[in-house]
Amino acid sequence: MPSITTFNTSRARSYMVRLPLFTRLVLLAILGFWLVGLQSVWDVRQWGALIPKEMGLATLYRMNTFPFIHLNVFHAVMNLLAIVPLLERFEAEYGTLTCLGLFFGPLTTIPSILYVLVEKGLGANTAVMGASMWVFTLLGLEAMRTYKLNPNLVILGYSIPTWTTPIGILFVIAVLVPNSSFLGHAAGLGVGYVAGFGLLKYLAPPEWALRWIEGKLNLLGRLPHYVSVDQKTYGRFGVLPSSNSSTGGSGVGLGLVGTSALALRRDPRMLKVPPYISLLCILVGAVWLFLLPLNEYSRRTYISENALLPGQVHTYFGGSDQNVFRAYKQEVNALAEQGKSNTEINGKLEEIVRGLGLKTARQNFTYAAAGRTYQGENLYAILQAPRGDATEAIVLVAAWENVKKEVNRQGVPLTLTLARYFKRWSLWSKDIIILFSPDSIAGPQAWVDAYHDAHDTSRVASLPIKSGALQGAIAIDYAQEHRFQSIHVVYDGVNGQLPNLDLINSVVNIAGGQMGMGVALQEMWQHNDQYPDRLRTMLRGMLKQGLGLASGPHSSFIPYHVDAVTLQPFGEGWQDEMAMGRVVEGTFRSLNNLLEHLHQSFFFYLLMQRERFVSIGTYLPSAMLVAANFTIMAIFLWMKSGQPAETSTADIKSGSESDKSTPPPTVERELFLPIGVVILCQTVSVIPLYLFNHVPENTLTPLFGLFFLINTILPPILSNLLTTFHRPTLQQYNLIKSFSLLLLGMFLSSLATLNFSLAMIIGLLSAPLSFVKPFPNSAAARAVCFALLNAISPAAVLLAGAAYWKLSVTTILTEAAVAWHVSGTYSSVLVWCVWWPAWLAGCVTVLGRPGDKEEEKNKTKKA
Amino acid sequence: MRQFLSFFLVSLISFCTLSTCAESPTSSADYHEQLVLRPLPLSALLASFNFRSNITVSEFEAHNFRLFPRSLAQILQHAGTRELHLRFSSGRWDSESWGARPWDGAREGGTGVELWAWLEAETDDEADHKWLTLTNALSGLFCASLNFIDGTRTTRPVMSFQPEGDHPSLTEANTHLLFGVLPHEVVCTENLTPFLKLLPCKGKAGIASLLDGHKLFDSSWQSMAVDVRPICPAGGECVLQIELTIDMVLDIDRSKRPRDNPIPRPPPGHELPCNTSKPYHSHDTCFPADHEASQDWTLSQIFGKHMKGTCPLTDPAVPPVCLQVPNSRSVYVSDGVLEKKNLDRVSRCFEIRPDANFEMVLPSPSKDDQQATSLIVKPEAPLLYAERSFTGHGQERGGVQTILRNPSSDTEVEFIYMESLPWFMRIYLHTMSARIQGTKGDDNSVIQEVYYRPGVDRARGSQLEVRMRIPPASTVFLTYDFEKSILRYTEYPPDANRGFDVAAAVITILNKDEPKTGRFAAYNLRTTSLLCSLPTPDFSMPYNVIIFTSTAIALAFGGMFNIMVRRFVAADEGPELGLKLLKTKLKSRFAALFKKFGVGKAKGDQTKEAEPQPAVTE
């Protein structure tokens, strides 16, 4: 029996190779039945399990089939692990034929009959399956045998009979393993004990008959791994049926520990398999992503924080508040139509808010990005919780302009009306801060930064009055003038950070459940909750997350761990602005209930419908697999670069076989050039990052054109320079690729935990880089490959994106620069400093012409 | 405010000269109560209830308590307390709109519960022991968690507090000032009930009959104070004075809502006060014109009930109710009430017959005198505005910023700023700086003196007292940084983890002419409390981990460890133990018995019996 201490792979292998015939058959049968059980057409478990109520003459076969059938893979594996050593010992002792006779006869039927009778007696009908009954029978036998040799085990002076140990195991398993059949095990154990008392010889078929059969059929000669009944004549294993393999196995077994690892390293397959593994990783990663919208992989959302109680309160906003709303709307319209400046608008709004008895303050900010300055003045008001102590606050944001530069014509008056309405309630436990920002991105960002004192005082003014810790924020983006149908919840934060799922669930619950209006996500105005729509929602969400841009006034709150969403009414319907106000009221009442900061639910998720999501544990493996593909390839190329540069497979084979003891010479790796090239690529990448974030807006497009040109001609130039001055070898090209992929894999796997979507997008777009290789002989292949690589260069992808969404390149680049300077989006770092250098190194590899001279030199060295 | 105060002082002094000083100390004038109502801007109303009684020290020591609450007196005697100040507060005073605080801030505490007392004790240890007795006893008396004021929440202020009473018999050495604060304590009805029981009329008659938990705790700001101090008039016998004060700011709109329908439903459109001058005004469009206007109320609307006469024990010389509105406003009162307008033209008092129910109506002013100035007395500006908030984000470090503004254009303000911080906020004293707005860098002239006692983890909070001076019409930013310690998981309170409340900072503005008036502080104020969030484990996780690891250890590690440390000895080598010993002993006994009785038995039996013997010993 193998024990843990002496475990080693080669020994385990030899043990497996020496397994006798019946044990093998049982093993295969169990595995076979498990495989059969995978399909869903024929329920093999129902067919073969030992079900007391179904026992009859026609179903007696169940008595023999149930040990082979298992519930699931764990059940099967655990039972296999238990039964193989026991059965192997038994068979080695009694012979294959005896085993066959016993295990298809008395040792199986007696316990099962016992079990069925007891079950019927108890009036129960519990189906059993699995080889564990055998395990206990064999354990009982073993225990009785041990008892004969060594009757007592003395622990602390108490002597414990050794035959009791299986009973201990029986109880432990009954307690610890779920769904284990205590009765079945006990029946097996009982029969084992009885058999062990010496009754086995009455149960077993007569030895002379077996010997006769064996002799007549010449089983020993015909069947491999057969164990003879007559051990006196033929020895324990007959004529050592597995002599070939066992000598080989024992040779390995006697070898040094780790020989197998060495052998594995030298295995020629090691140089073949990794690219396929890598490809498999990419494919599995991509397919995984597309499985997520299925019901089996996504989950329904639920409210995790019990304190929220969304939709449990009556909302009273309405009635004459609508008259007030109309008046405020007149004021706002007047301001919007007169084209007043930001300060004048704030002046008017401040007058109104002050009239409500709220404290107001203003804050100036100036941001410079893409040659433009974004400046403005935030106005905010604090509605102090009537009985509160200024320790916590929730924020209601109404930007004057939304992200599409439309004036928030309904949102601003609605916020004013809500402020007036909220003032009347005395139940607020948290202060309510009303924020009017001139735009949707820079204003809220400046305000939140200053609230947390993380602002640059030279550009963003400090806040004159403050309240407590922010617990949540809701932004209203309500520019459409007519009645609406549903609410669009925008939840993407800067850099792909997301608000707590409980907040979104609360809004969905209040708007959808209580107010009876629809809720849409990710601009999916229609959603039928079928696979295509779910996938589309998820992919849109991933794209937004990957870009990492601020998507609304709420985005800037999320990096400070303040959960926030923007609510956007849309569509043609019958819901009016009061309904929208009631949604906000309901959400605020929920947030007001919070006893602690939102922490219960998920922060990492992909939403695919308003009530369906996948959490990080389910989706992360796909990005990780894609990132792992680069690492696998990098390690593979490193190993390959250490191998001698022989090409014929025959050579490798002979080498591996003949030089078992002496390892093949590892080739010296020339690291200077590859490391230099990779460092150069990484260093150069800072230039586009700096330029695209710092040139003024009008030069962005020319700069991009220039960059595109350089991007196309830089790899050939670099490659030519390399070949002219250094003439790198194939090994060096492999190393260049290895290092650059290693970096890429490292960056992407760490990014996957922060911004899954960005890691996934970059990973998939740079997946071909794993498989590029130099073409020393074919210029045409080189050109085609380079052209294909150019099609997936960052610049080309940017152009394609611009064409697809019908945006100008300038808009995209300006947006990126603004995001970099205002919100602190780091996506451009990933694009220019991670993806682009990897792509550049890949192009250099494709265009490489490995030097012949070096190869010749190597050859002569070898000879 | 100043007028209000001067009025009050005048009334106090007159009261003193009339009652305490001229008459015998045992007269009925030992108790008086007064309610002062003062409308504030933004439709708020300040109601100050004051109840005061005296007892001579000799009577006190003779346990003849009379009007002094016996329950409290016994506690004070037992704990050796010479002077006691207890505060229950909630909400915040909006000094921007409401101006200076009532009583110059002397009768209020920070959010939660505050307690400070001068104890008579020889040593610090004795003082701590007495403090423990005092807090635990008060905790029971007031149904508050005062017993949680332990060493970590107790400080010994050095500069901020001075005794209010006269302590001729005590010396510096044997008086100890201890100050404890519970910022998280929620003040509620259960604290009001024992408070009312301390009054001679128990809330059944007099102004105390207006006190009602629903109204008191629905107020925007409220503070309940208990002050006990000895007063020794020159030449007279020392008296022990207890003063109970309740101040609250009621929102008139909110208070006027009927109790059975407290939901602020939108009023019908035609009842909405509108600004009709707007060009778009129509039946369905209304620019609201509320908030300033709401200054009409009646006493029963505001407090939900009538005032039931006066307390018969009260000194009739002190009018029970005063109202501070300009004399030009008309006020209607019920029968049997005599209105007396005071000379300062902004206050009037009402004398009430003991058996008459008192009701007062402030009608909404007529159209012509709608100017806000004539409706209410303009509040007086406080000496200092203070606002404190956290800076920074994240769970490792943070900062505290206090903005202190001196509104006066010609006088500078000198004050003591005191913080008692929990031990898990470790402050970096070197980062403390005071910057005057508009200037760069620190201003050395602002901070005069610093007293700092660093905290000790899990034993003592840190205490910071800073004497500062702010020049006229300037704003000072006092900032310092701190580090958040990591708590052990058992140290988190069992409730939902909202964060940890940090007590309000106590600001005591020094009285410049202290020698003349004898008052140490010219004005007191408290900042709001803060909520400090510490790194918090997901509490279900430790339990999962504990259960999981315990199981793993019990199953795997336990057995393995047992085998590793156990010395295995063959059974016949080791001493016989336990059951086996018993078994062999029994066997030998039985064998002996058999021998005794079964002498005549066959020999074969004996040999059979002997046979298992080796198996047993094996």
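For every chain, the first residue of the written sequence is number 1, and numbering continues from 1 along that sequence. Both sets of labels track the order of writing: A upward for chains, 1 upward for ligands. Local features in a predicted model are, by the rule used here, given only for residues with pLDDT of at least 70; side-chain atom pairs are given and counted only at 80 or more, and totals for whole chains, interfaces and linings are based on all residues. Calculated side-chain values reflect all of the structure's heavy atoms, with hydrogen atoms and water omitted.

*Asks:* Outline the overall build of chain B, supporting the account with residue identities and numerical values.
*Replies:* Counting its secondary structure elements, chain B contains 15 helices and 27 strands. The cut-offs for exposure are 20% and 50% of the maximum accessible area for each residue type, with area from a 1.4 Å probe on protein chains only; residues under the lower value are buried, those over the upper are exposed, and the others partly exposed. Relative to its 618 residues, chain B shows a buried fraction of 50%. Throughout, a contact is declared for two residues whenever any of their heavy atoms are within 4.5 Å. Considering only intrachain contacts with a sequence separation of at least 6, the fraction spanning at least 24 residues in chain B is 73%. Accessible area of chain B: about 29500 Å², with a carbon and sulfur share of 57%. Every helix listed is a DSSP run of H or I at least four residues long, and every strand listed is a run of E at least two residues long, numbered separately from the N terminus. In this description, accessible areas are obtained by the Shrake-Rupley approach with a 1.4 Å probe, and a residue is regarded as covered only by the protein chains that are shown.

*Asks:* Explain the overall build of chain A residue by residue, including any values.
*Replies:* A tally of regular secondary structure across chain A gives 35 helices and 13 strands. Atoms counted for the radius of gyration: C-alpha only. Globule rule: 2.2 Å times residue count to the power 0.38. Its C-alpha atoms give chain A a radius of gyration of 37 Å, more than 25% over the compact-globule value 29 Å for 863 residues. C-alpha atoms of chain A, sized along the principal axes, occupy 115 × 85 × 55 Å. Among the 863 residues that make up chain A, the fraction classed as buried is 52%. Pairs at least 24 apart in sequence give 81% of the contacts found in chain A among residues at least 6 apart.

*Asks:* So what's going on with the confidence of the model for chain A? Which residues, and what values?
*Replies:* Residues and elements named next belong to chain A. Summary of the metric used: pLDDT quantifies the predictor's per-residue confidence within the range 0 to 100. Per-residue pLDDT for chain A has a mean of 84; in total, 91% of the residues score no lower than 70. Of all the helices and strands in chain A, helix 14 (residues 243-254) carries the lowest mean pLDDT, 37, while strand 7 (residues 431-437) carries the highest, 95. Contacts of residues 1-5 to residues separated by more than four positions or lying in other chains number three contacts, the stretch itself having pLDDT below 50. Below pLDDT 50 for its whole length, residues 647-661 participates in seven contacts with residues either more than four positions away or in separate chains.

*Asks:* Could you give an account of the pairing of strand 23 (residues 474-484) of chain B, naming the residues involved and the relevant values?
*Replies:* All names here are of chain B. Of all the eleven residues making up strand 23, eight are buried; the element is thus mostly covered by neighbouring parts of the structure. Each pair of strands is called paired provided DSSP finds at least two bridges between the two strands. Here ten bridges tie strand 18 (residues 397-406) to strand 23, and the two strands are oriented antiparallel to one another. Residue pairing in the sheet places Thr402 in a bridge with Leu478 of strand 23.

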